[in-house]
Amino acid sequence: HTRNPADPTECTADETTTMLAEYPLIGAAKATCLAPDVSAESTTGTAIGAAAYLVAANAGAMATFNRCNAASAASSVAAVSDSAGDLTACYLSNVPGDATAGPACIAAETRTMLAAYPAIAAVRAACIDAGSPSPPEPPTARTVAYTIASDAYAAATLTRCSVAANVSTVDAIEEALAEFERCKLLVHADRAFCTAEETTTMVAAHAQIACVRAACIAESYPPGPPGPFSTPATAAYSTAVDVFNAGTSTRCHAAEAASVTAVNLEVGATKTRCDAAKPTEQQYCQAEAETTSAAGAADAARAREACLAQVCILPPHPPPPSPPPSPPPSPPPPYSIPHPPFPPPSPSPPPAQYSLNMITSLNGYTTVTFDAIAQTAFVEAIAVLGGFETTRVEVISVTNNNPVLLLTTAVNVEYTVSFLDLTRTSTTATTLNAAVAGGDLSAQLVAQGLTELTSVTEVTSASINAPPPPAPPPALAVTHLPGLSPTFSCPFIDTTCTPGASPPCPCFSESCANSHYNSISYAELLPACMRVTLAFCEATLTGSVQTACAPFTSRKQEVKLIGRSGGVMDSNTPERGGRKSRMTLPTDAITEAVELGMGELAYDEFTAKMPNGRYAKSSYISLTPHGKTFLKLVDVEIPFTKSLSGYGIKVMKTSSETSSEWTELPYTINDVDATTAVATVKVPSFSIVVVAEDESSVPPPSPPPQPHPPPPSPPPSPPPPPSPPPPD
């Protein structure tokens, strides 16, 4: 730490690496030493020999256990002491008025301690393993003395961790009050700013102190059955918990009182300065003082609640390095090209045929800290080293490097990289193996932002997996159901589409026996057949293996039997902006019950195409059966996305999936929020409807400003006085 105070986690990693390497060697040396002298007769021969061996083995294990516990406690105390010193130094270097400085110091030290405690636990476990009785191990090696020692260490650890948490809390409270005093010296115009800065530090501190304390307590017991093991130990453990909770409550309330006192003192000073500066505005000064006092009391209460809660909230992961600045954008073209209403999607790349599988160990990370952000950085590093797209890399799993130790400072990352050809796969496997061995992967991971990384090792080298030969495509079901078109072709495979399937396969259902169908096509189905198809495709045993079910399971579609009394469809209907579409059939619109449908179509599933300058702002809603007429007008509510360009809208309908004509419908509009609105139309029959943006409907330009009126003309000059009469 003296040599490298800037990165305390590196010192912890160095110590851990040294100890984890030494302990297995010590255990092996002990076994080698015992091997020539320990025979089967020593442990299974005479009762006296067996007892003597057992006593000696237990004595050695107990001595090792106590020594390992003492070393672990010493490491914990050293880590806490150094972390506290670093935290104090960080606090002292803070810039007054920077509300992020205190939480940043706390986050840095929290990451240090969260790395230290799992490492201490790993070293302790390796230490205990090295001192365990060598084979053949006596069956009663863990004696009552071992149990008592283990419980005593757990209780001592809890007490030590609680004391460390208390010290951290007191430090955070003192720093928060110091921040408040420094903030006051700047004489902010907004007095509540100072209490907000203090509270930000306190809330961050309490949440992260809880994380560190939990990590500290987690290494109380060695790997194996959880403790406590005995009733006295349980009582001692509970007593230690109660003492900590009581102390926490007292400390949290005292901190709140200290904050409120500091705020009230400053409120008085602020009002005195305000009265002196504005002697005629005493009411304003009093209001400012009351506002500052109320804000301070609320902030202090929020800090107290965080202090009492002891809820762990991990500090944010350090952001990756900023990318280089982008070049300035190109100037826009002198004219804009209208975009097509529904551009065809880009073709998907062909599926990969070969893949390599690799497991790499990353020291310095746990399964908690190697989160989604870290995994994304890992994928970026692999792609950079191999010179390919990140989409070719997939992280399969992230597991502890040592499954016996629940808290370790190394993770095994299993991942695959996929390509179309064997040559590229083989080349990449060679590249990645060399990158791990030569240190290039470690350097690239750090460059991508994984700054907590200490080393990279290979668990398994890259292995190449070739794809199995493609299976022959399954056969489509063949049906001869009466009423079907002679050219009917069933789109479902015969794996689950059979005459006796449950739910029934549409190709064998009388509800779909309609000569109108050439297949079971989403856009063409009448509601009765749609109901059967939805049931078939949504069932796990039948629809899950049918690729032809994709449109039926991925889209909103509702079918409902509605009678003369009317009804509403709005439970599984197309939506936009979180608002569902809705169809309301009034009473006496039909004379008998009939199945009706409301669902969404894709643009390429019907014939009519959008006119130039019009683009869909809602789903294409199919009301079925197409052409069904009603005795009363039916209300249809269509949610749509508002035009960002301020263009007007049109509600349009086409009579069926085979029609090529659009007609416009009158409508009313109700706003939902800033981006979504609902258009309501009244229709006499069912068809396909959509709300479209109309680029020809441009809002009228603002009128030009009126010119200033000319100044009024000056009044006419008075007539000249009459000439005097001539003299006589």
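A quick note: this is a predicted structure, and the numbers were derived from the prediction, not measured. (Residues numbered from 1 in each chain as written. Predicted model: local features only at pLDDT ≥ 70, side-chain atom pairs only at ≥ 80, totals over all residues. Heavy atoms only, no water.)

A. Representation of the sheet that holds strand β4 (residues 455–465) in the model. Ordered by their spatial adjacency, four strands build an open sheet running β2-β3-β1-β4, and the pairing between neighbours is antiparallel. What marks the edges here is a single partner per strand, and that holds for β2 (393–400) and β4. Across this sheet, the average inter-strand angle for adjacent strands is 15 degrees, counted without regard to direction. Here β2 runs beside strand β3 (residues 410–419); their pairing, made up of seven bridges, is antiparallel. Bridging across to β3, valine 395 finds its partner in tyrosine 415. Where helix α9 (residues 372–386) meets the sheet, it contacts β1 (354–363), β2 and β3, and its direction lies at approximately 130 degrees from that of β2. (Pairing = 2+ DSSP bridges. Helix = DSSP H or I, 4+ residues; strand = E, 2+ residues; numbered from the N terminus. Axes fitted to C-alpha atoms, helices over the stretch in contact; angles between N-to-C directions. Contact = heavy atoms within 4.5 Å.)

B. Inspection of unusual backbone geometry at higher detail. Of the consecutive residues serine 502 and proline 503, the connecting peptide bond is found in the cis state with omega at 0 degrees. In this fold, proline 503 is placed in the loop between β4 and α12 (527–538). The phi dihedral of aspartate 588 is positive, around 65 degrees, even though this residue is not glycine.

C. Representation of the packing of α9 against helix α10 (residues 422–438) in the model. Between α9 and α10, the shortest axis-to-axis distance is 10 Å and the interhelical angle comes to 115 degrees. In this view, α9 runs roughly perpendicular relative to α10, as classed from their interaxial angle. The chirality of how α9 crosses α10 is right-handed. Counted together, Ile382, Leu385 and Gly386 of α9 and Arg424, Thr431, Leu432 and Ala435 of α10 form the full contact between these two elements. Here the contact of α9 with α10 is built from residues that sort into four nonpolar, two polar and one charged. (Parallel < 35°, antiparallel > 145°, perpendicular 65-115°, else oblique. Left-handed = near helix turned anticlockwise from the far one by under 90°. Nonpolar A, V, L, I, M, F, W, Y, C, P; charged D, E, K, R; others polar.)

D. Structural view of empty space enclosed by the protein. Counted under the stated rule, the structure contains three cavities of 30 Å³ or more. As a volume, the second largest cavity reaches approximately 60 Å³. (1 Å grid on protein atoms, 1.4 Å probe; cavity = no way out; pocket = protein on both sides within 12 Å on 5 of 7 lines; lining within 4 Å. Points joined across faces, edges and corners; volume = space filled by probe spheres on them.)

E. Focus on the pattern of salt bridges. Within this structure, the stated rule accounts for nine salt bridges. Among the ionic pairs, glutamate 389 bridges to arginine 392, the shortest N-O distance being 2.9 Å. A relative accessible area of 43% places glutamate 389 in the partly exposed class. Assessed through its relative accessible area of 27%, arginine 392 is described here as partly exposed. (Salt bridge = Lys/Arg side-chain N within 4 Å of Asp/Glu carboxyl O. Buried < 20%, exposed > 50% of the residue type's maximum accessible area, 1.4 Å probe, protein only.)

F. Region of interest: the nonpolar core. Formed by 34 residues in total, the largest nonpolar core has its most connected members in Phe492, Cys497, Cys507, Ile520, Phe552, Phe606 and Tyr620. Broken down by secondary-structure element, the contributors of at least two residues to this core are α12 and β18 (688–694). In this structure, Leu362, Phe370, Val411 and Ala435 belong to the second largest nonpolar core, which totals 30 residues. (Core = buried A, V, L, I, M, F, W, Y, C linked by side-chain atoms within 4.5 Å.)

G. Highlighting the state of the cysteines. Considering all chains together, one arrives at five disulfides under this definition. Two residues, cysteine 68 and cysteine 127, share a disulfide whose sulfurs are 1.8 Å apart. Its torsion about the S-S bond being -80 degrees, the disulfide of cysteine 68 and cysteine 127 is classed as left-handed. With cysteine 68 in helix α3 (residues 47–92) and cysteine 127 in helix α4 (residues 101–131), this residue pair connects regions lying 59 residues apart in the sequence. Cysteine 127 carries the same exposure label as cysteine 68, and that label is buried. Covalent S-S linkage joins cysteine 512 and cysteine 529, the inter-sulfur distance amounting to 2.0 Å. The sign of the 100 degrees torsion about the S-S bond sets the cysteine 512-cysteine 529 disulfide as right-handed. (Disulfide = S-S within 2.5 Å.)

H. Layout of the packing of aromatic side chains. Evaluation of the coordinates by the stated rule reveals 11 aromatic pairs. Between phenylalanine 370 and phenylalanine 378, the aromatic rings sit 6.2 Å apart at their centres with planes inclined by 80 degrees, giving edge-to-face as the arrangement. Residue phenylalanine 370 shares its accessibility class with phenylalanine 378, and that shared class is buried. An aromatic cluster of at least three residues, connected via ring pairs, comprises Tyr365, Phe370, Phe378 and Tyr415. Just above the ring of tyrosine 522 sits the side chain of arginine 555; from NZ or CZ to the centre is 4.6 Å. One Lys or Arg, lysine 609, reaches over the ring of tyrosine 603 and ends 4.6 Å from the middle of that ring. (Phe/Tyr/Trp six-rings, centres within 6.5 Å; stacked < 30°, edge-to-face > 60°. Lys NZ or Arg CZ within 6 Å of the ring centre and 35° of its normal.)

I. Fine view of α9. When the terminal C-alpha atoms of α9 are compared, their 21 Å separation across 15 residues agrees well with the 21 Å that a helix rising 1.5 Å per residue should span. Burial in α9 covers these residues: Ala374, Ala377, Phe378, Val379, Ala381, Ile382 and Ala383. In the core, the buried residues of α9 are packed alongside β1, β2, β3, α10 and α11 (440–447). Phi for glycine 387, located one or two positions after α9, is positive at around 70 degrees. (Expected span 1.5 Å × (residues − 1).)

J. Just the confidence of the model for the protein chain, in detail. Counting all residues, the mean pLDDT for the protein chain is 77, and 73% of those residues have values of 70 or more. Within the protein chain, helix α2 (residues 40–44) has the poorest average pLDDT of any element, 47, and strand β9 (residues 582–585) the best, 96. Confidence drops under a pLDDT of 50 for residues 135–141, and excluding neighbours within four residues, the segment shows 10 contacts in the predicted structure. Across residues 699–703 the pLDDT falls below 50, and counting only partners more than four positions away or on other chains, this stretch makes one contact in the model. (pLDDT = per-residue confidence, 0-100.)

K. Local environment of the sheet that holds strand β13 (residues 629–641). Within the open sheet, the five strands sit side by side as β6-β9-β13-β17-β16. Their pairing is antiparallel. Looking at the sheet topology across the chains shown, the edges are occupied by β6 (567–569) and β16 (668–671). Each strand of the sheet is rotated relative to its neighbour by a mean of 20 degrees, with strand direction disregarded.

L. Looking closely at the pairing of β9. Burial along β9 is one-sided: the residues Met583 and Leu585 are buried and none of Arg582 and Thr584 is. Sheet analysis places β6 next to β9, joined by three bridges and oriented antiparallel. Of the residues in β9, the one forming a bridge with glycine 567 is leucine 585. The pairing of β9 with β13 spans three bridges and is antiparallel. Note that in β13 the partner of threonine 584 across the bridge is aspartate 635.

M. View of the packing of α9 against α11. In the contact formed by α9 and α11, the axes pass within 9 Å of each other and the chain directions differ by 130 degrees. Classified by the angle between their axes, α9 and α11 sit oblique to one another. In this structure, the crossing between α9 and α11 has a hand that is right-handed. Where α9 approaches α11, its residues Phe378, Ala381, Ile382, Val384 and Leu385 are matched on the opposing element by Asp440, Leu441, Gln444 and Leu445. Each residue belonging to the contact of α9 with α11 can be placed in one class, and the counts come to seven nonpolar, one polar and one charged.

N. Highlighting the environment of alanine 84. When you line up the elements, alanine 84 lands in helix α3. Distance from alanine 84 to serine 168, taken between C-alpha atoms, is 7.4 Å for residues 84 residues apart in sequence.

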